[in-house]
Amino acid sequence: MPLTFELCPGRMIGGDHPCFIIAEIGQNHQGDIEIAKKMIKMAKDQGADCAKFQKSELEHKFNKKALERQYKSVHSWGKTYGEHKRHLEFSHDQYRELQKYAEEVGICFTASGMDEMAVEFLHELNVPFLKVGSGDTNNFPYLEKTAKKGRPMVVSSGMQSMETMRRVYKTVKKHNPNFAILQCTSAYPLEAEDVNLRVITEYQKEFPDIPIGYSGHESGISISVAAVAMGAKVIERHVTLDKTWKGNDHEASLEPAELAELVRCIRLVERAQGTGIKQMLPCEKPCHDKLGKSLVATVKIPKGTVLTQDMLTVKVAEPMGVAAEDIFQMVGKTVTKDVEEDDSLLPEVVDGYCKKRKC
């Protein structure tokens, strides 16, 4: 059984606990804190477990030339990439305001720390868990420092190899037992052929003592629901209030109605997972009583006759007789009463059968 741990206060993940659903707001708030609050409320209203953002300390994430480069795009919020990113970046005080609002709404609040200084801030902010975005998954000094914070971690794996993910697992595990790894492909939007859901199964084999999940950038919800059916214990999807808004992520994000349907379908699939024990269930009894087949005599069988297989057939019979699957066990047994042709072979007329079946 994979490790279970508390990811948010009162919310366990792994094992038989419900899938933890992260609504990734990211920077789809357009740099507007009021929109960000609406998105937090939307995530709560649609049934997500967590509203997540992306926090960067830009001078620590990018070098000067990266921030100064021209950024000509329909999605740009400034002439340079630095101006663009600064428009979308909330201050520390704004993050505190958002955290307080999420607490009032009643939803878990956290963010991806996009650089080491951002992780330091989020740790000070006392977020319940730290998310590692795919861009930092092979940043081993960052991983080690983040793991040493002692907070639960959720690690995406876009752009990585299995060899790297083995190193990631060992690096984090050395300092922090409470983490999950998410299968992820870093493309926006993501085509179905590139999702590679089978990696979930491989991760479950490679890392059997941690929860495995899925971070998706595909259109629609079907693939994410399939991931839950395959055992994903965490699902992360980008969300938006309007897919037509400016920004690279909106197209690959879920609008409110889609998020609500995702949550509904995940909870439905969880109900359908069952126990793995195959047995006839109480809900099947009416069908069994009406259409279940049992043994019927093909000829008249006098009292004292030793049964042979050609004396018996399988039919829907009234009353229900010996179970159909026991036909071969009847051969060589003796009947204690006459059985008319086409009548049910009742358990109580077969010598030795009732005791065996505890009739």
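Residues numbered from 1 in each chain as written. Predicted model: local features only at pLDDT ≥ 70, side-chain atom pairs only at ≥ 80, totals over all residues. Heavy atoms only, no water.

Spelled out, the test is: UniProt positions are given in the numbering used here, feature names are shortened, and annotations may be inferred rather than shown by experiment.
Looking at an unreviewed UniProt entry, one finds the protein chain named N-acetylneuraminate-9-phosphate synthase, with Zoarces viviparus as its source organism. Looking at the protein chain in UniProt, the text filed under Function (unreviewed entry) is "Contributes to protect fish blood from freezing at subzero sea water temperatures. Lowers the blood freezing point. Binds to nascent ice crystals and prevents further growth." As stated in UniProt under Subcellular location (unreviewed entry), the record for the protein chain gives "Secreted".

Overview of the UniProt feature "domain: AFP-like" (unreviewed entry) in the protein chain
To keep things clear, this is the line we draw: Under the DSSP-based scheme used, a helix requires at least four consecutive residues in state H or I and a strand at least two consecutive residues in state E, with every element numbered from the N terminus.
Under the feature "domain: AFP-like" (unreviewed entry), the UniProt entry names residues 294-353. Annotation note: span residues 294-353, helix share 8%, strand share 15%, distance between end C-alpha atoms 14 Å.

What to know about the packing of aromatic side chains
Short version of the rule: Ring geometry is summarised as follows: Phe, Tyr and Trp rings, the Trp one being its six-membered ring, pair when their centres sit within 6.5 Å, and such pairs are stacked at plane angles under 30 degrees, edge-to-face over 60 and tilted between the two. A positively charged side chain is recorded as over a ring if its NZ (Lys) or CZ (Arg) lies within 6 Å of the ring centre. The angle to the ring normal must also be within 35 degrees.
Considering all chains together, one arrives at 11 aromatic pairs under this definition. Look at F62 and Y81: their rings are 5.5 Å apart centre to centre, the planes differ by 80°, and that puts the pair in the edge-to-face class. Of the two residues, F62 sits in the loop between α2 (58-61) and α3 (64-68) while Y81 sits in helix α4 (residues 81-88), which places them 19 residues apart along the sequence. Between the aromatic rings of Y203 and F207, the centroid separation amounts to 5.7 Å while the plane-to-plane angle is 40°, which identifies the pairing as tilted. Grouping aromatic residues by their ring pairs yields a cluster made of F53, F90, Y95, F109 and F121. Over the ring of Y81 we find R69, and its NZ or CZ is 4.5 Å from the ring centre. The ring of F140 carries R167 above its face, with NZ or CZ at 3.9 Å from the centroid.

So, the side chain of S56
This is how it is decided: It only takes one pair of heavy atoms within 4.5 Å for two residues to be counted as in contact.
Note on placement: S56 falls in the loop between β4 (50-55) and α2. If sequence neighbours within four positions are ignored, S56 has contacts with K61, E89, M114, D115 and A118.

Side note on the pairing of strand β11 (residues 293-297)
Note the threshold: Using a 1.4 Å probe on the protein chains alone, a residue whose accessible area is under 20% of its type maximum counts as buried, one over 50% counts as exposed, and one in between counts as partly exposed. Any two strands are treated as partners once DSSP identifies two or more bridges connecting them.
For β11, the buried fraction is high: four of the five residues fall into the buried class. With five bridges joining them, β11 and strand β12 (residues 312-316) adopt antiparallel strand pairing. Opposite L295, over in β12, you have V314 as the bridge partner.

Description of the state of the cysteines
Filter applied, for reference: The disulfide criterion is simple: two cysteine sulfur atoms within 2.5 Å.
Following the criterion strictly, the structure yields one disulfide and no others. Put simply, C8 and C108 are joined by a disulfide, and their sulfur atoms are 2.0 Å apart. Taking the sign of the S-S torsion, about -45° here, the bridge from C8 to C108 comes out left-handed. Here C8 is found in strand β1 (residues 5-8), whereas its partner C108 is found in strand β5 (residues 108-113), with 100 residues between them in sequence. Summarising the burial analysis for this pair, C8 and C108 share the class buried. Between C50, a free cysteine, and C108, which holds the nearest cysteine sulfur, the sulfur-to-sulfur gap is 3.9 Å.

Some details on the packing of helix α10 (residues 222-229) against helix α11 (residues 256-273)
The description of two helices packed together rests on the angle between their axes and the distance between the axes. As a reminder, the rule being used: A fitted line through C-alpha atoms represents every axis, and for helices the fit uses only the stretch in contact; the resulting angles, taken between N-to-C directions, go from 0 to 180 degrees. Here is the rule for angles: anything less than 35 degrees is roughly parallel, anything more than 145 is roughly antiparallel, 65 through 115 is roughly perpendicular, and the remaining ranges are oblique. Each helix crossing is assigned a hand: it is left-handed if the near helix lies turned anticlockwise from the far helix by less than a right angle, otherwise right-handed if that turn is clockwise.
As a packed pair, α10 and α11 sit with axes 9 Å apart at the nearest point and diverge in direction by 25°. With respect to α11, the axis of α10 lies roughly parallel. The two elements α10 and α11 meet at a crossing, and its hand is right-handed. For the pair formed by α10 and α11, the contact residues are S224, V225, V228 and A229 on the first element and L262, C265, I266, V269, E270 and Q273 on the second.

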